[in-house]
Amino acid sequence: MENEFETPEEIEAAEVEIPEVVDPPERSWDVGEARSGWNPYGTPAAPPWPTPPPGWSPPPPPPPGASPWPPTASVPGPPSWAAWPPGGAQPTSGFWGPSSGQPSMGSPPPGSGGYPPQDSARPASERPPKARRAFLVGLGAVVLVAAVAGGILIGKSSNHTPSSATASETIPSPSQSSGPGTSAKINVAAIAAKLDPAVVDITSIDASTGTEAAGTGMILTPNGEVLTNNHVIANATSITAQINGSGRTYTVRVLGTDKTQDVALVQLVGASGLRTVTVGNSSGLKVGDAVVAIGNALDLKGPETVTEGIISALGRSISATDAGTGTTENLSGLIQTDAPINPGNSGGPLVNAKGQVVGIDTAAANGSSTQSATNIGFAIPINEAIGIAQQIQQGRSSSTVLINNKGFIGVEVISVSQAQSSSAGLFGPQLPTPGTSSGAYVAGVLQGTPAVQAGLQQGDVITSVNGRPVSGPTELGSLLSNDKPGETVSVSWITPSGSHQSAAVALASRPVA
């Protein structure tokens, strides 16, 4: 089908900007972390249309050939902050906890949904279907190739302190040997047999929507450190992986990320003795070199999908969009290949004729919403990605590299006084009446988090952590600020009925943007 836009200017003019969402008042996550993109109002059952003024009547229908009738009405946005709090004061940006005089405003980690979070108590059978996230680039769009169920998309599909522990096995550096050259013939079957046991299918639960997304990763160390794209695991509250699409399912912990370069290093918890990929050297690549792309294409079960092609260009710069979230990222210095890349390939290896990994499959040009495979794909050079992975492994943070070593329960909390106001219908949908007057009130629980496993529910009030009292959201964040993923804490709470409960909670990694 011919593109309806003729020039880059027309294409750019056709882009639609998603409006910014207004944050709600004084809500805090268990670590007091501010994040953006939360809709406090959910989806109203019916728009609050205003009453027409006296004497108003609708305009007459348009003449034949004009736009359809009646005209499409735009749904009004969330209520204005001007009328709340009293006096018209606007909420201030920052930490989701108490402030002096007026409520502070920020955002919980992605995934809260509406107010309260809309999927926190939904059974698995009622949750949204698996989704595949993709990045679109260029004239049809370049999409990151994570896959999401319900549609086929390409790709997926802060703390800056050093980690307290480093990995026990060293991530290999790029090979110093020369590449096979442009004349080398490639044995696809032999490469697949060599690489498949060192490639993992990654599945994540998106905190914002509750949908699952599928991507790929490659094993760098025998103890299960895996290299993948950041967009494969971004905003996820639960991540699992299987080697070559079968066998044991591993829990995945995010060790660190570089969002600007779309690189992440994750850990298969409890793994040992695994096969690893052989790291090549991307600095010696030439246009015309034969390559193979390997990955979890379309999230199909079973062995990895393998496609063959050549390197068609080097040093490409793209603006890629994640079709699942609408976020856009700018990447440069990429390898361009004509090896077909599908949704779900994100994070998978791009391999030369010697069976060495020379890039991370990341994005593909796509001209339609069906997200079919294309012969214009892009990969991050392995030399750059390995350098970032080694930095993460060593616990060295920077302005772009985040070391993800803070524990996370997965509850959204507000003060008891706020919950009491909500219970009275003073703002937002009503919440269950608190069973006590002091503590951190659980306004929502994220799917796939330790809080769900512990039995915490909306309306509970957390009163202590490891025997230390919790008087509100700020204290809860302080008590958890030094705990690491994988550590266990004792949490006590009171239900809306007044029942006292407690549980040992194994902390997870925080969702990363």
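Keep in mind the model is a prediction, meaning the values are calculated, not measured.

Peer 1: Explain the overall build of the protein to me, please; I cannot follow it from the model alone.
Peer 2: Looking only at helices and strands, the protein has 7 helices and 28 strands in total. Across the 513 residues in the protein, those meeting the buried criterion constitute 51%. Put simply, the protein shows about 22200 Å² of open surface, and 54% of that area lies on carbon and sulfur atoms.

Peer 1: Any chance you could explain the nonpolar core here in plain terms?
Peer 2: Counting 37 residues, the largest nonpolar core has Leu220, Leu227 and Ile318 as its most contacted members. If one sorts the elements of this core by residue count, helix 4 (residues 382-393) sits on top with 6 residues. Discounting chain neighbours no more than four positions away, the residues touching Leu227 are Gly217, Met218, Leu220, Val263, Ala264, Leu265, Gly347, Ile360, Ile382, Ala385, Ile386 and Ala389. Counting residues in each nonpolar core, the second largest holds 21 residues, with Val413, Val470, Val489 and Trp493 among its members.

Peer 1: It is not clear to me how the confidence of the model for the protein should be interpreted in this structure. Could you clarify?
Peer 2: Atom-level detail of predicted coordinates should not be read off regions where pLDDT is low. Predicted confidence across the protein gives a mean pLDDT of 74, with 64% of residues reaching 70 or more. Counted against residues more than four places away or in other chains, residues 1-50, with its pLDDT under 50, gives 123 contacts. Counted against residues more than four places away or in other chains, residues 66-140, with its pLDDT under 50, gives 251 contacts.

Peer 1: I tried to follow the pattern of salt bridges on my own but got confused; where do I start?
Peer 2: When their charged atoms lie close together, side chains carrying opposite charge are able to pair. Inspection of the entire model under this criterion finds 1 salt bridge. The partner of Asp299 in a salt bridge is Lys301, with the nearest N and O atoms 3.7 Å apart. On the basis of relative accessibility, which here comes to 64%, the residue Lys301 falls in the exposed class.

Peer 1: So what exactly am I meant to see when it comes to helix 2 (residues 188-195) here?
Peer 2: Side chains three or four residues apart in an α-helix point the same way, a direct result of the helix having 3.6 residues per turn. Every buried residue belonging to helix 2 is among Ile191, Ala192 and Leu195, and all of these are buried. All buried residues of helix 2 project into a common sector of 100° when viewed along the axis, lining one side. Exposed residues lying more than 90 degrees from the buried face of helix 2 are Ala189 and Ala193. Of the surrounding secondary structure, the elements contacted by the buried residues of helix 2 are strand 7 (199-206), strand 14 (290-295), strand 15 (305-322), strand 17 (349-352) and strand 18 (356-365). You can read the cap of helix 2 off the contacts: a side-chain oxygen lies 3.3 Å from the backbone nitrogen of Ala189, and it is on Asn187.

Peer 1: Mind showing me how you'd approach unusual backbone geometry here?
Peer 2: A negative phi angle characterises most non-glycine residues, just as the trans form characterises most peptide bonds. The phi dihedral of Asp299 falls on the positive side, at around 55°, and the residue is not glycine. Mapped onto the secondary structure, Asp299 falls in the loop between strand 14 and strand 15. Overall, Asp299 belongs to the buried group, its relative accessible area being 8%. Although it is not a glycine, Asn466 adopts a positive phi angle of roughly 55°. Inspection of the secondary structure assignment puts Asn466 in the loop between strand 24 (461-465) and strand 25 (468-469). In this structure Asn466 comes out as partly exposed when scored by relative accessible area, which is 45%.

Peer 1: What am I meant to see in the pairing of strand 23 (residues 440-445) here?
Peer 2: The element strand 23 is largely enclosed, with a buried count of 6 among its 6 residues. The sheet contact formed by strand 22 (residues 411-415) and strand 23 spans 5 bridges and is antiparallel. Residue pairing in the sheet places Glu412 in a bridge with Gly444 of strand 23. Here strand 23 runs beside strand 24; their pairing, made up of 2 bridges, is antiparallel. When the bridges of strand 24 are listed, Tyr441 appears paired with Val461.

Peer 1: Is there a simple way to explain the side chain of Asp258 in this structure?
Peer 2: Among the secondary structure elements, Asp258 is positioned in strand 11 (residues 249-258). Among buried charged residues, Asp258 stands out as having no salt bridge; its nearest opposite-charge side chain is Lys259, 9.9 Å away. Among residues more than four places away in sequence, those in contact with Asp258 are Asn230, Val263, Ile388, Thr400 and Val401.

Peer 1: Looking at this model, I keep getting lost on the pairing of strand 16 (residues 328-337). Mind explaining?
Peer 2: Side-chain direction in a regular strand flips from residue to residue, so the side chains alternate between the two faces of the sheet. As paired strands, strand 15 and strand 16 are joined by 7 bridges and run antiparallel to one another. Note that in strand 16 the partner of Ile311 across the bridge is Thr337. Relative to strand 19 (residues 377-381), strand 16 runs antiparallel, the two being bridged by 3 bridges. Each bridged residue has a counterpart across the sheet, and for Ile335 the counterpart in strand 19 is Ala379.

Peer 1: What's the story with helix 4 in this structure? I'm lost.
Peer 2: Between the first and last C-alpha of helix 4 there are 16 Å, a value that for 12 residues agrees with the 16 Å anticipated at 1.5 Å per step. Among the 12 residues of helix 4, 9 are classified as buried, and the element is accordingly described as predominantly covered. Those residues of helix 4 not exposed but buried are Ile382, Ala385, Ile386, Ile388, Ala389, Gln390, Gln391, Ile392 and Gln393. Phi turns positive one or two residues past the end of helix 4, at Gly395, with a value near 75°.

Peer 1: Quick question: what am I supposed to make of the environment of Asn235 here?
Peer 2: Take Asn235: it is sitting in the loop between helix 3 (230-233) and strand 10 (236-243). Owing to a relative accessible area of 13%, Asn235 belongs among the buried residues under this scheme. The spacing of Asn235 and Ala207 is 28 residues in sequence and 5.6 Å in space, taken between C-alpha atoms.

Peer 1: Please clarify how the environment of Ala508 should be interpreted in this entry.
Peer 2: The residue Ala508 is located in strand 28 (residues 508-509) in this model. In this structure the C-alpha to C-alpha distance between Ala508 and Thr237, which are 271 residues apart in sequence, comes to 8.3 Å. If we skip the residues at most four places from it in the chain, Ala508 touches Lys406, Gly407, Phe408, Pro450 and Pro485.

Peer 1: Even after reading the chapter, I still don't get the side chain of Asp201, so can you show me in this structure?
Peer 2: Structurally, Asp201 is set in strand 7. One buried charged side chain, Asp201, makes no salt bridge at all; its nearest oppositely charged neighbour is Lys301, positioned 6.4 Å away. Once residues lying within four places of it in the same chain are set aside, the contact partners of Asp201 are Gly215, Thr240, Ala241, Gln242, Asn244, Gly245, Asn296, Gly302 and Glu304.

Peer 1: Even after reading the chapter, I still don't get the environment of Leu300, so can you show me in this structure?
Peer 2: Turning to its location among the elements, Leu300 is positioned in the loop between strand 14 and strand 15. For the pair Leu300 and Gly344, spaced 44 residues apart in sequence, the C-alpha separation works out to 8.8 Å.

Procedures and definitions
- Residues numbered from 1 in each chain as written.
- Predicted model: local features only at pLDDT ≥ 70, side-chain atom pairs only at ≥ 80, totals over all residues.
- Heavy atoms only, no water.
- Helix = DSSP H or I, 4+ residues; strand = E, 2+ residues; numbered from the N terminus.
- Buried < 20%, exposed > 50% of the residue type's maximum accessible area, 1.4 Å probe, protein only.
- Areas by Shrake-Rupley, 256 points an atom, 1.4 Å probe, with all protein chains shown as cover.
- Core = buried A, V, L, I, M, F, W, Y, C linked by side-chain atoms within 4.5 Å.
- Contact = heavy atoms within 4.5 Å.
- pLDDT = per-residue confidence, 0-100.
- Salt bridge = Lys/Arg side-chain N within 4 Å of Asp/Glu carboxyl O.
- Arc of directions from axis to C-beta.
- Polar contact = N/O pair within 3.5 Å; in protein donor to acceptor, adjacent residues only side chain to side chain.
- Pairing = 2+ DSSP bridges.
- Lys, Arg positive; Asp, Glu negative; His and termini not counted.
- Expected span 1.5 Å × (residues − 1).

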